[in-house]
Amino acid sequence: MTIEKQVIDDTGFRDDSWQFFSKLTLNDMAKGMAARRFDKAVLYLENDQQIESCVRYLRQIKRISIAFPDASDGRGYSLARLLRLYGYRGKLRAEGHILADQYRHVRQSGFDEVAIPQSLAKRIGQKYWLEQVPRLAASYQDRIFNSPLAMRQEKPPIGNQ
Amino acid sequence: MYRYTDFDKSYLRQRIEEFRAQVQRRLTGVLSEAEFKPLRLQNGLYLQLHAYMLRVAIPYGTLDSRQMEKLADIAERYDRGYGHFTTRQNIQFNWIKLEETGDILAELAEADMHAIQTSGNCIRNVTTDHFAGAAAGEAADPRITAEMLRQWSTGHPEYAYLPRKFKIAVSASDTDRAVIAFHDIGIRIISSPTAGTGYQIFVGGGLGRTPRIGRMLRSFLPENDLFHYLDAIMSVYNRLGRRDNKYKARIKILIDALGVEDARHQIETEFVRRKEKLPPMNVKLRAQIAQDFALPDFSAARRYDLHLDKVLNPAFARFAGQNCAAHKDQRHVILSISLKTHGSPPGDASAEQMRAIARLAKDYAYDEIRISHEQNILLPHLPKQHFLAVWKGLQEIGLASANIGLASDIIACPGLDYCTLATARSIPIAQALARRFEARKREEDIGPLKIKISGCINACGHHHVGHIGILGLERAGVENYQITLGGDGSEDAALGSHTGPGFSAEDLMQAIDRILDVYLAGRTSRQETFIRFYRRVGLSPFKAALYPQKTEAL
């Protein structure tokens, strides 16, 4: 598999460690397939999918990628929050047309990392993404809720990492 | 008034630094215009017909003299010496250069102001009753909730890319001056002796091409549950709202499609999940904000009878009679300053006028100013003993029109003079109508009347809720104005009904005259206001007067 996407997290540009895992869809899960291979798989979700069918597997799944077909389509943010509310604790990736300016939204909605096409990564280089990292701590929502991303035993709030 | 914390200040600095970098990347081509657009919109920057327009937030319409003076500075330094107050209690500067926006935002931040989320498909500036804190009988000061809403919605990671813009209004009074029934979410603060303070939640109201009256989702929501509940509404809307057609993307269309019952069920399910999983609301923060909104110390105000001032000065008496509302403290009045001087563009104020109002507020009225959604400016707490002096000060700057609530107190969108979406002019129509009312000297006789004008179907001038609504469209290259009657944005919410075929700009003047003739000839007494008269007689007598030939042919 050629490297056509660029993975980015708080440390900057990173190699894609998911490229050798098998690919799962909600459809596969509905059919009860691959139930024993979760530790070696990535669940790929479209941003308009109803996830109720996979909720009972969320404790076993380790990796989920949510598609962002267009930078102005914000459904993925709410889908990520919903997965975290349902108790998903594995890695969560936002994949598609995402701008550095949206890294804050991605991270504060419960994602760990993004994956963008190499063509986009060439134009919006690593420095633009790293500029965003210190901004993640400032959150009005943390003030309103005493840390909304805490979600009890789930992930620590972004601001306290 | 709310005092910015260190957090607010550093948040603003960070946002400005971020925006400057975005502008730089746009100017050097790293960002395409399509990618830059949502980013500039979330910072209040529009590209209009002739230039960039910057819309600056005035959260829930409250500001002090320092902030008003800052707006005056910006009008002078970066614009053409004036600003335009909007129906969302904001101000717009119409002649802005992209390269200067970073500096403008930095100057605004010096006065704890910003342009965040005044446009774009996100939660917009929250509006409330312009009488907040000054009117009698409020369940609470709605600005406390409005400020909490400002903080909750500012930079909310989940709702920065909604299907469409999203507007929230709060009221705490039986008399709804915040038009909550026509917002994506309308919040009414209520107080019950048994359950305490809480909220009524309305959803899916709106104007535009599919006008809807908001539907009640909850008749009582406990105070501490507000943000879990709003998050539930927003999350359902963000996932399920339509994105294939911008005219069907507002939450009102989703509520229509799901039906209120199903929508309520989905939202309540999401609410329960969030209540269970998320930490509770920060009640300490609310208590701090509530302290900031404590009323000014009124103890220096004297008991003062305005009677003598009025007798000695009939023009002042007329002004006081028309532009004042009762304050909950008898030593004060709520004063509305009309930005609808006959013949001038509704909502416009010059830098000198802004500075003069700032000075009057500081010298006489506890340094507090409000902007109303009806595009006027208020001094919410004016001691009666200073009223005459303030009136004289307003006369000096040409802002002493005694027409609040009358026919010439018109709401109008910017229309074809500024807006890329407009299909017709609206400001010149408002100006012409106001001049006509002035010339015929009959608006006092007509009494309370709300005329609202939109220059396109998007209804930024709120024509659907005008007692007389005017909608400017384009027919084969010619402006054509349709009339609706009987709209009402108050607690008796109603949508106006179309009279029939539209009129040219010239014929429109005569048509409005005819409508008013029908009312004046038919009302039982002056107590029967235009809107009451309309509710009694309906559309038909107006139709007969507007379209005589047609009616005869039938």
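Heads up: the structure comes first, above all this text.
Caption draft 1: Quick peek at the overall build of chain B. Across its full length, chain B carries 19 helices and 20 strands. Taken against the 2.2 N^0.38 rule, which gives 24 Å for 554 residues, the C-alpha radius of gyration of chain B at 23 Å falls within 12% of a compact globule. Its C-alpha atoms put chain B at 65 × 60 × 60 Å along the principal axes. Relative to its 554 residues, chain B shows a buried fraction of 63%. In the form shown here, chain B has an accessible surface area of approximately 20,400 Å², with 50% of it arising from carbon and sulfur atoms.

Caption draft 2: Representation of the sheet that holds strand 3 (residues 62-63) of chain B within the structure. All names here are of chain B. Across the sheet, which stays open at both edges, the five strands sit in the order 3-14-15-12-11 with antiparallel pairing between neighbours. Edge positions in the sheet fall to strand 3 and strand 11 (324-326), since each has one partner strand and no second. In this structure, strand 3 lies alongside strand 14 (residues 369-371), joined through two bridges in antiparallel fashion. If you follow Leu 63 over to strand 14, its bridge partner there is Ile 369. Along the sheet, helix 12 (residues 351-364) contacts strand 12 (332-337), strand 14 and strand 15 (377-383); its crossing angle with strand 15, the most-contacted strand, is approximately 20°.

Caption draft 3: Inspection of the interface of chain A and chain B at higher detail. Contacts between the two partners involve 40 residues from chain A and, on the opposite side, 48 residues from chain B. When chain A packs against chain B, the two sides together hide about 4,300 Å² of surface, and 54% of this comes from carbon and sulfur. Of all residues in chain A, Tyr 140, Ile 144 and Phe 145 of chain A give up the largest surface area on contact with chain B, accounting jointly for 20% of the area buried on that side. Taken together, chain A and chain B are joined by six salt bridges. With a shortest N-O distance of 2.7 Å, Arg 123 of chain A and Glu 35 of chain B are connected by a salt bridge. At the junction of chain A with chain B, the criterion picks out 20 residue pairs in polar contact (both at pLDDT 80 or more). Those elements that provide at least two residues to the side of chain A that touches chain B are helix 2 (75-85), helix 3 (103-108), helix 4 (118-123) and helix 6 (140-145) of chain A. Here the side of chain A that touches chain B gets seven residues from one element, more than from any other, and that element is helix 2 of chain A.

Caption draft 4: Up close: the packing of aromatic side chains. Applying the stated criterion across every chain yields a total of 25 aromatic pairs over all chains. Ring geometry for Phe 316 of chain B versus Phe 387 of chain B: centroids 4.9 Å apart, planes at 75°, classification edge-to-face. One end of the pair, Phe 316 of chain B, is in helix 11 (residues 314-323); the other, Phe 387 of chain B, is in helix 13 (residues 387-396), and 71 residues separate them in sequence. Aromatic pair Phe 530 of chain B and Phe 542 of chain B: ring centres 5.8 Å apart, planes at 50°, arrangement tilted. With Phe 530 of chain B in helix 17 (residues 530-537) and Phe 542 of chain B in helix 18 (residues 540-546), the pair connects residues that are twelve residues apart, well separated along the chain. Both residues of the pair, Phe 530 of chain B and Phe 542 of chain B, belong to the buried class. Members of the aromatic cluster, each reached through a chain of ring pairs, are Tyr 519, Phe 530, Phe 533, Tyr 534 and Phe 542 of chain B. A cation over an aromatic ring shows up here: Lys 23 of chain A above the ring of Tyr 44 of chain A, its NZ or CZ 5.2 Å from the ring centre.

Caption draft 5: Spatial organisation of the pairing of strand 12 of chain B. Residues and elements named next belong to chain B. Along strand 12, six of the six residues are buried, which leaves the element largely enclosed by surrounding structure. Side chains of strand 12 alternate between two faces, with His 332, Ile 334 and Ser 336 and Val 333, Leu 335 and Ile 337 buried alike. The turn linking strand 11 back onto strand 12 is made up of five residues.

Caption draft 6: Examining empty space enclosed by the protein more closely. Inspection of the entire model under this criterion finds eight cavities of 30 Å³ or more. One number sums up the size of the largest cavity: a volume of about 110 Å³. Taken together, 14 residues form the lining of the largest cavity, with Arg 104 of chain A together with Arg 15, Gln 22, Gln 42 and Asn 43 of chain B sitting closest to its centre. Mapped by element, the contributors of at least two residues to the lining of the largest cavity are helix 3 of chain A together with helix 1 (6-27) and helix 2 (33-41) of chain B. Examining the composition of the lining of the largest cavity, we find that four residues originate from one element, helix 1 of chain B, more than from any other. Class assignment for the residues of the lining of the largest cavity results in four nonpolar, six polar and four charged. Estimated volume of the second largest cavity: approximately 100 Å³.

Caption draft 7: Structural view of the pairing of strand 6 (residues 91-96) of chain A. Residue and element names in this part refer to chain A. Of all the six residues making up strand 6, five are buried; the element is thus mostly covered by neighbouring parts of the structure. In the sheet, strand 5 (residues 63-68) pairs with strand 6 via six bridges, with the strands oriented parallel. Paired with Ile 64 across the strands is Leu 92, a residue of strand 6. This β-α-β element, strand 5 to helix 2 to strand 6, shows right-handed connectivity. Bridge count for strand 6 against strand 7 (residues 113-117) is three bridges, and the pairing is parallel. Paired with Ala 94 across the two strands is Val 114, which belongs to strand 7. With respect to chirality, the unit in which strand 6 leads through helix 3 into the neighbouring parallel strand 7 is right-handed.

Caption draft 8: Examining helix 2 of chain A more closely. In terms of residue burial, helix 2 of chain A counts as a mostly covered element, since eleven of its eleven residues are buried. Those residues of helix 2 of chain A not exposed but buried are Arg 75, Gly 76, Tyr 77, Ser 78, Leu 79, Ala 80, Arg 81, Leu 82, Leu 83, Arg 84 and Leu 85 of chain A. Looking at the packing, one finds that the buried side of helix 2 of chain A touches strand 4 (41-45), strand 5, strand 6 and helix 3 of chain A together with helix 6 (226-240) and helix 8 (260-277) of chain B. Gly 87 of chain A sits one or two residues past helix 2 of chain A and shows a positive phi near 100°.

Caption draft 9: Here's a closer look at helix 9 (residues 283-292) of chain B. Of the positions making up helix 9 of chain B, those classed as buried are Leu 285, Arg 286, Ile 289 and Asp 292 of chain B. One side of helix 9 of chain B holds all its buried residues, which, seen down the axis, span an arc of 110°. Summarising the geometry of helix 9 of chain B, the exposed residues directed more than 90 degrees from the buried face are Lys 284 and Gln 291 of chain B. Summarising the contacts, the buried residues of helix 9 of chain B are in contact with helix 6 of chain A together with helix 5 (142-153) of chain B. For helix 9 of chain B, the capping residue at the N-terminal end is Asn 282 of chain B, with a side-chain oxygen 3.3 Å from the backbone nitrogen of Lys 284 of chain B.

Caption draft 10: Local environment of unusual backbone geometry. Residue and element names in this part refer to chain B. Unusually for a residue other than glycine, Tyr 366 sits at a positive phi of about 55°. For Tyr 366, a relative accessible area of 27% corresponds to the partly exposed category. The phi torsion at Gln 375 lies on the positive side, around 70°, for a residue other than glycine. Its location among the elements puts Gln 375 in the loop between strand 14 and strand 15. According to the relative accessible area criterion, Gln 375 is buried, its value standing at 1%.

Caption draft 11: Region of the structure containing the nonpolar core. Residues and elements named next belong to chain B. Met 68, Leu 71 and Trp 152 are the most contacted members of the largest nonpolar core, which has 152 residues in total. Sort the elements by how many residues they give to this core and helix 6 lands first, with nine residues. With sequence-adjacent residues up to four places away left out, Met 68 is seen in contact with Leu 63, Phe 85, Met 354, Ile 357, Ala 358, Ile 369, Ile 371 and Ile 377. One finds Ala 407, Phe 437, Ile 446 and Leu 508 within the second-largest nonpolar core, a separate group that totals 33 residues.

Basis of the calculations
Residues numbered from 1 in each chain as written. Chains lettered and ligands numbered in written order. Predicted model: local features only at pLDDT ≥ 70, side-chain atom pairs only at ≥ 80, totals over all residues. Heavy atoms only, no water. Helix = DSSP H or I, 4+ residues; strand = E, 2+ residues; numbered from the N terminus. Rg over C-alpha atoms; globule rule 2.2 N^0.38 Å. Buried < 20%, exposed > 50% of the residue type's maximum accessible area, 1.4 Å probe, protein only. Areas by Shrake-Rupley, 256 points an atom, 1.4 Å probe, with all protein chains shown as cover. Pairing = 2+ DSSP bridges. Contact = heavy atoms within 4.5 Å. Axes fitted to C-alpha atoms, helices over the stretch in contact; angles between N-to-C directions. Buried area = accessible area lost by both parts, 1.4 Å probe. Salt bridge = Lys/Arg side-chain N within 4 Å of Asp/Glu carboxyl O. Polar contact = N/O pair within 3.5 Å; in protein donor to acceptor, adjacent residues only side chain to side chain. Phe/Tyr/Trp six-rings, centres within 6.5 Å; stacked < 30°, edge-to-face > 60°. Lys NZ or Arg CZ within 6 Å of the ring centre and 35° of its normal. 1 Å grid on protein atoms, 1.4 Å probe; cavity = no way out; pocket = protein on both sides within 12 Å on 5 of 7 lines; lining within 4 Å. Points joined across faces, edges and corners; volume = space filled by probe spheres on them. Nonpolar A, V, L, I, M, F, W, Y, C, P; charged D, E, K, R; others polar. Right-handed = clockwise from strand over helix to strand, strands pointing away. Arc of directions from axis to C-beta. Core = buried A, V, L, I, M, F, W, Y, C linked by side-chain atoms within 4.5 Å.

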